[in-house]
Amino acid sequence: MGCGQTPEQSTDSQGTETGTDSETGLETETDTDTDTDTDGPPEPVVVEWDETNLELLLIRGEDVLLRFPSDGIALGEVTELDDDSSYDPFYLEPDRWLAFTNGELLSAANGGVEVRLSYEGGHTALLTITEQAPGRFAATLEPTEGSSGPLAYYRLNPVVDPNEGFYGLGEYFDTPEHRGQVRAMQLEADLELESNYNEAHVPVTFVTGTRGWGMYVASDYPSVFDVAASSSDRVAATFGTGPATDAGLAFYLFAADHPLDLTRHYYDVAGYPRKPAPWAFGPWIWRDENDDQAQVESDLQTIRDLDLATSAYWIDRPYAQAVNTFDFHPEQFPAPQAMIDLAHALGFRMALWHAPYIDADAPEASELRAEAESAGYFPPTTALLVSNWEEPIDLTNPEAYAWWQQQLQAYIAMGIEGFKLDYAEDVTVGIAGGRTKWAFFDGSSERTMHKHYARLYHQVYDDLLTPDSGFLLSRAGAAGDQTRTSVVWPGDLDANMAEHREQVNDGGNSYVAVGGLPAAVVAGLSLGPSGYPLFASDTGGYRHSPPNRETFTRWFEHTTFTPVMQIGTSTNDVAWEPTPENMFDAEMLTWYREYTRLHLRLFPYSWSLFERLFSDGRPLLRALGLAHPELGVHPPDIYLFGDALLLAPVVTPGATSRSVTFPAGKWVHWFTGQVVDAGEDGTSEQIAAPLGTTPAFLRDGQLVPLLRPTIDTMSPVDNPDSADSFATDPGVIYARTFVSAKNAAFTLYDGTRLAASRSEADRQIEVTPGSVFDQGAQVELVAYGAQPPSSVKLGDTELSPQANLDGLADVASGWFHDGTNLHVRVPGGAAAVTVVAGP
C-alpha cells in the first residue's frame, strides 16, 4: 500500500495466543486486546425448548443466560385496530397481554427449534429459531388470528440475572448502562427537558447483558425497552406493530464468553460500519457561521501558522444562497473553488453542512422548489414539521433520489469530500399515542419511516462518496444505519459541564439541561456497543455557548482520546481567538496544541482498532463496566480506548482531582508517569488532575503506536514545507509501551508488528515493518527506571546514546534515557534490540 492510500484491513492482526514465557515466568501478550479476553476456547452455546417448564432457554456452557417463560414471549391483543393510533408502547398498552399456555415442540435440529405456542383467546404463534453461527440464532414469531380480538403488540420479556449490567440500545446522555431505565426507541415529547424532546436521535433495538448475551429485534415499529426497571430480573422489549402484526416479528439471540464480543454478532446480522477516509479521524475545525470566504481562508492559514494539528475543515451554514440551492453565495464566497483548492494545498479536506430540504420561503430556492414540487419529489402526505424549511425530500421516490444526487454533484466536482448531515427528524410516530400521519412514494408511512428515513438520507450522500473514503457526520440513525454513515455526533449539547437532566441556573436563565461534557462522554460509550464505533461531539458544546476556558479545555482533553475529534461551538469559538466571554488564553492554546497533536499521533492505534473491528467486532471506546464486568461497577465516565488506555475525563466544574477505578494490574499515567498497582482485583484511587492534565493511563503489557511528534495532518499537501503530512510521508512509527509484569505486542493495520518484552532486568524490542511503516521505529519504554541501561544493541551492533530527544530524531539509530523513560530508535527493516540493564 502506498502512502496516502486508505489502509486495508490487516489479515494477521489477530496475533498469537496468550501464554507464559517458560524462562522468565512473565505473561506474554497477543497482538490484540487480550486483557479482556477469556481463557480457553469459547463455551458452546445452544437454544433449547424446555418441554417440562414450557420455557425457551439460551444456554452457554452450563449457564442459562436468558429464560423466556410463558410471559416472556407475549402477544398484545386489542378490541379493534385503530388507524389513528400510533401503537407507541411508550404511551399505549394493549387491552390485554396474552402469555402462552402451551408449547408444542415441532422440531429440534441443526442447533435450532420450532415450537407452536398456544395463547389465550385461541391465538397461536409459530416460533422458529435457527442457528446461523456459533453463538448466533435467528428467530421469527408468526402469529395466527385468534377467536377473540386482533393483535397489535409484541413483547419479549426474558428473565435475566438480577445483578448484571446492560449496554447498547443506541445513544444516550445519562448513563451507558441501562439497569433501571425505560428507553423509548423513538423521539418522544419531553417538555421538561430544554429541547422539549427525549433526545433519542440514534435508537438501536439491540441490548446486551454483561453475562454475555445479546438480543436484537429487527423492527422499525415504535418500541420501548424496560431494562430491569419494573423487575430487577427482566428486560422487556415491547413493539407496537399495529396493523402489521400479522407479518410477525424477527429477532436474534447472541451469546459470547465476553460481552465485548457480542457486537460482532450484531454486525454479522445488521451490517458492518461504513469505513471513512483516514483523514476523517480529524482533528476537524468548524465555525457555526462563517463570515465569508476570507474568514475561512484566514482560519486555514492561521491553523498552519500556529502549528495546530488539523486534518480537515467543514463549513457550516449559511454558505449557500438558501437551504438548499447547492451553490455558494456569490457575495459571501466569491471564489469557492479557489478556497477549496487552498484548503487542499495546505493539507485540509473539506466538507459542508447539509440537510434534506428546499426552503419554501427563500426566493433564491424558488426555482428548485418549483421543479421538485411539479415532479412530485416531496412526500404525498406530511404531518408536523420541525425544521424551518418545510418538508424533507421524499427519498423513497427513485426519481427524487437521483435528482437530489444530481444537485449534489456540483459540490463533489469542486472537491467536497464529506457532509455534516443535520436535521431529518421530522418524521415521528405521533404525539402521546396519536398518529402524525405521513405517506411516502413507496407506500410506507411514519410507522416505520420514523427510523428508515435517516437511512435513506445518509445513503443518498454515501452513494456519491468513494468506498472506504469520504466522511459523513450524522445526527440521526437507527439499527443498520452504521453501514451508511461514518460518524455520529449527538446534536446540540450544552457548552458547559452539566449532566443530563441537571437543573441549571445560569445568570437568571434556568433550564433542565440536555447535558454538556458528561453527556458527550456517555453518548460515545453508549453508541460503541450499539454498533456505531465512531462518535464525535462538538468539542466545547453548542447550546448556551460560549464554553468557558475550563469547559473547553476539559472537553478537548476528552475528545483527544476518542477516534474522531471535531472542534466547534455555536458562537464560533476557535482556540486562537480569546474573547471576554470564553476567557481563552495563551496557556490554553498551548494545551490545545499538545492535545490535538496527540489525537493525530494516535491515528495508527485508532485505525488499527477500527480495522480489527471488522473481525472481532469490539467497540473502540468501552465503558469500564462493559470491558470489566468482574469489577461490579458501572461508572458513566470511565472508559477504555481499546484495551491499552484507561481514561477518566474530568467532567465536574472546578475539580482538580477525581476518583479512578482501575482494573487489575499495573497502570502508568500517560502524562505524569505515576504508576498505580491495582493488584489482582482492581482498585480505586484519587488521581490529581489539574486543568491541562487529564487522567489517562497505559496498561502494563500494552503498546500504543503513534505517528511522529511533528505531524500536522492526515491529508496531502502541495508543499511539504507548509505542513507535515502523513499522506505525503508516513514516516517513522513511534510507540509507547509499559512492560512491568507483562510483555507487549501490537500489530498495526498495515502488518507492522511492534513488541517489547522483559527478561529479568533486561528488555527486548522487536520491530517487523509492514506495507506503510517501513522507515524505522522509535519505541519508548515508559517507567523504565531511573538508571540508564549499560548497553543497547541492535543485533550485535552497539547503539549510541544521544543527548536529548531532538538528537535522537536526527539519527537513524540510537537511544536516549530521560531519567525515567528509555527511547530507542532503529532504522527501517526488521530489528531486534536488546537493552541491558545498568549496574
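Scanning the protein chain from N- to C-terminus turns up 12 helices and 50 strands. Over its C-alpha trace the protein chain gives a radius of gyration of 28 Å, about what one expects of a compact globule, namely 28 Å for 839 residues. If you line up the protein chain on its principal axes, its C-alpha atoms span 90 × 70 × 50 Å. Counting all 839 residues of the protein chain, 63% fall into the buried class. Counting only carbon and sulfur atoms, one obtains 46% of the accessible surface of the protein chain, whose full area is about 28100 Å². Here the protein chain holds 47 positive side-chain charges and 123 negative ones, and the gap between their average locations is 3 Å.

So, on to the packing of aromatic side chains. Using the criterion set out here, one finds 57 aromatic pairs in the structure. Seen in terms of ring centroids, Phe328 and Tyr411 are 5.7 Å apart; in terms of plane orientation they differ by 80°. Their pairing is edge-to-face. Taken together, the residues Phe328 in the loop between strand S21 (312-315) and helix H3 (336-345) and Tyr411 in helix H5 (residues 398-414) connect sequence positions 83 residues apart. Each of the two residues, Phe328 as well as Tyr411, counts as buried. Here Phe610 and Phe614 contribute two aromatic rings whose centre-to-centre distance is 5.4 Å and whose plane-to-plane angle is 85°, an arrangement assigned as edge-to-face.

As a further point, take the environment of Ala664. Tracing the backbone shows Ala664 in the loop between strand S35 (657-662) and strand S36 (666-669). In this view, Ala664 contacts Ala678, Gly679, Glu680, Asp681, Gly682 and Arg699; residues no more than four positions away in its chain are not counted.

Here we take up the side chain of Lys275. With respect to the secondary-structure elements, Lys275 resides in the loop between helix H1 (262-270) and strand S20 (284-285). Within the structure, the side chain of Lys275 is placed 3.3 Å from the side chain of Glu611, a separation counted as a polar contact.

Turning next to the packing of helix H7 (residues 517-527) against helix H8 (residues 549-560). Relative orientation of the contacting elements H7 and H8 amounts to 10°, with a least axis distance of 10 Å. Of the possible angle classes, the one that applies to H7 and H8 is roughly parallel. On H8, the residues that touch Leu517, Ala520 and Val521 of H7 are Arg554, Trp555 and His558. Partitioned by chemical class, the residues of the contact of H7 with H8 number four nonpolar, one polar and one charged.

What follows is about the packing of H8 against helix H9 (residues 586-601). With their axes 9 Å apart at the nearest point, H8 and H9 run at an angle of 15° to one another. Looking at the two axes, H8 sits roughly parallel to H9. H8 and H9 meet at a crossing whose hand is left-handed. Only Glu587, Met588, Trp591, Tyr592, Tyr595, Thr596, Leu598 and His599 of H9 make contact with H8, whose side of the interface consists of Arg549, Phe552, Thr553, Phe556, Glu557, Thr559 and Thr560. Looking at the contact of H8 with H9 residue by residue, the classes come out as seven nonpolar, five polar and three charged.

This brings us to unusual backbone geometry. Of note, the amide linkage connecting Gly282 to Pro283 takes the cis form, showing an omega dihedral of 5°. Looking at the element boundaries, Pro283 is found in the loop between H1 and S20. The omega torsion across Val323 and Asn324 is -5°, close enough to zero to call that bond cis. Structurally, Asn324 can be placed in the loop between S21 and H3.

Next up on the list: the sheet that holds strand S30 (residues 538-539). Strand pairing in a sheet takes place through backbone hydrogen bonds and is either antiparallel or parallel in direction. Read across the sheet, eight strands follow the order S27-S26-S23-S22-S21-S20-S31-S30 without closing on themselves; strand pairing throughout is parallel. Looking at strand neighbours, the two that pair on one side only are strand S27 (487-488) and S30, the edges of this open sheet. Sheet analysis places strand S22 (residues 349-354) next to strand S23 (residues 418-421), joined by four bridges and oriented parallel. In the strand pairing of S23, His354 is matched with Leu421. Each of S22 and S23 touches H5; the most contacted strand, S22, lies at about 145° to it.

Our focus in this paragraph is the nonpolar core. Counting residues in each nonpolar core, the largest one holds 196 residues, and the members touching the most others are Ile393, Phe561, Phe641 and Leu645. In this structure Phe641 touches Phe561, Thr562, Pro563, Tyr605, Ser606, Leu609, Leu620, Leu621 and Leu647, once residues within four positions along its chain are discounted.

Let us now look at the pairing of S23. Alternating positions in S23 separate into two faces, Gly418 and Lys420 on one and Phe419 and Leu421 on the other, with burial throughout. Inspection of the sheet shows S23 paired to strand S26 (residues 471-474) by four bridges, in the parallel sense. In the strand pairing of S26, Leu421 is matched with Ser474.

Another point: the confidence of the model for the protein chain. Per-chain confidence: the protein chain averages 94 in pLDDT, with 95% of residues scoring 70 or above. Long-range and interchain partners of residues 1-30, a stretch whose pLDDT sits below 50, account for 78 contacts in this model, where long-range means more than four residues apart.

Criteria and cut-off values
Residues numbered from 1 in each chain as written. Predicted model: local features only at pLDDT ≥ 70, side-chain atom pairs only at ≥ 80, totals over all residues. Heavy atoms only, no water. Helix = DSSP H or I, 4+ residues; strand = E, 2+ residues; numbered from the N terminus. Rg over C-alpha atoms; globule rule 2.2 N^0.38 Å. Buried < 20%, exposed > 50% of the residue type's maximum accessible area, 1.4 Å probe, protein only. Areas by Shrake-Rupley, 256 points an atom, 1.4 Å probe, with all protein chains shown as cover. Lys, Arg positive; Asp, Glu negative; His and termini not counted. Charge placed at Lys NZ, Arg CZ, Asp CG, Glu CD. Phe/Tyr/Trp six-rings, centres within 6.5 Å; stacked < 30°, edge-to-face > 60°. Contact = heavy atoms within 4.5 Å. Polar contact = N/O pair within 3.5 Å; in protein donor to acceptor, adjacent residues only side chain to side chain. Axes fitted to C-alpha atoms, helices over the stretch in contact; angles between N-to-C directions. Parallel < 35°, antiparallel > 145°, perpendicular 65-115°, else oblique. Nonpolar A, V, L, I, M, F, W, Y, C, P; charged D, E, K, R; others polar. Left-handed = near helix turned anticlockwise from the far one by under 90°. Pairing = 2+ DSSP bridges. Core = buried A, V, L, I, M, F, W, Y, C linked by side-chain atoms within 4.5 Å. pLDDT = per-residue confidence, 0-100.

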